[in-house]
Amino acid sequence: MDEALEAAELVADSELEGVVVWLLRVAGLVCVLAGLGLWLFTEAGLLVLPALLVVVGVVLVVAPSVLLALAELT
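Each value, and the rule that gives it
- Residues numbered from 1 in each chain as written.
- Predicted model: local features only at pLDDT ≥ 70, side-chain atom pairs only at ≥ 80, totals over all residues.
- Heavy atoms only, no water.
- Helix = DSSP H or I, 4+ residues; strand = E, 2+ residues; numbered from the N terminus.
- Buried < 20%, exposed > 50% of the residue type's maximum accessible area, 1.4 Å probe, protein only.
- Areas by Shrake-Rupley, 256 points an atom, 1.4 Å probe, with all protein chains shown as cover.
- Patch = residues over 30% accessible without salt bridge, like charges linked within 9 Å, V, L, I, M, F, W, Y side chains within 5 Å.
- Salt bridge = Lys/Arg side-chain N within 4 Å of Asp/Glu carboxyl O.
- Lys, Arg positive; Asp, Glu negative; His and termini not counted.
- Charge placed at Lys NZ, Arg CZ, Asp CG, Glu CD.
- Phe/Tyr/Trp six-rings, centres within 6.5 Å; stacked < 30°, edge-to-face > 60°.
- Lys NZ or Arg CZ within 6 Å of the ring centre and 35° of its normal.
- pLDDT = per-residue confidence, 0-100.

Caption draft 1: Quick look at the overall build of the protein chain. The helix and strand tally for the protein chain stands at three helices and zero strands. Scored against the burial criterion, the 74 residues of the protein chain give a buried share of 16%. Carbon and sulfur atoms form 76% of the exposed surface of the protein chain, whose accessible area is close to 5300 Å².

Caption draft 2: Structural context of a nonpolar patch on the surface. A cluster of nonpolar side chains, contributed by Leu-29, Leu-33, Leu-36, Trp-39, Leu-40, Phe-41 and Leu-47, occupies part of the molecular surface with about 780 Å² of accessible area. Within the secondary structure, Trp-39 is located in helix α2 (residues 17-41). According to the relative accessible area criterion, Trp-39 is partly exposed, its value standing at 47%.

Caption draft 3: A look at a negative patch on the surface. On the surface, a cluster of negative charge is made up of Asp-2, Glu-3, Glu-6, Glu-9 and Asp-13. Here Asp-13 is to be found in helix α1 (residues 2-13). Residue classification places Asp-13 among the exposed residues on the basis of a relative accessible area of 65%.

Caption draft 4: Seen up close, the environment of Leu-68. Inspection of the secondary structure puts Leu-68 in helix α3 (residues 48-73). Overall, Leu-68 belongs to the buried group, its relative accessible area being 10%. Taking the C-alpha atoms as reference points, Leu-68 and Leu-10, separated by 58 residues in sequence, lie 9.8 Å from one another.

Caption draft 5: Spotlight on the packing of aromatic side chains. Overall, the coordinates contain zero aromatic pairs when judged by the stated rule. The ring of Trp-22 carries the charged tip of Arg-25 above its face, separated from the ring centre by 4.8 Å.

Caption draft 6: Quick peek at the environment of Glu-9. Relative to the elements of secondary structure, Glu-9 occurs in helix α1. In this structure the C-alpha to C-alpha distance between Glu-9 and Leu-70, which are 61 residues apart in sequence, comes to 9.0 Å.

Caption draft 7: Geometry of the confidence of the model for the protein chain. Mean pLDDT over the protein chain stands at 81; residues scoring 70 or higher make up 86%. Of all the helices and strands in the protein chain, α1 carries the lowest mean pLDDT, 73, while α2 carries the highest, 88.

Caption draft 8: Region of the structure containing the environment of Leu-33. Here Leu-33 shows up in helix α2. Residue class for Leu-33 comes out exposed when judged on its relative accessible area of 56%. For Leu-33 and Leu-53, which are 20 residues apart along the polypeptide, the C-alpha to C-alpha distance reads 8.5 Å.

Structural data, given as structure tokens:
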């Protein structure tokens, strides 16, 4: 966890934090849409991959702002 906070601090210190946060949010949104598309539009019996894509997408949407907030507090 310390490494993740150090990486977030490095991004926060550079002036690219907004760009990195939005790139991760877009990647998360793409993962969520891909997971929902696989679940809704395919006849896959195994739903692990769509569920995993949705969970990873939600984490990518939420995690950058949480990590940057934690880095600013410390």
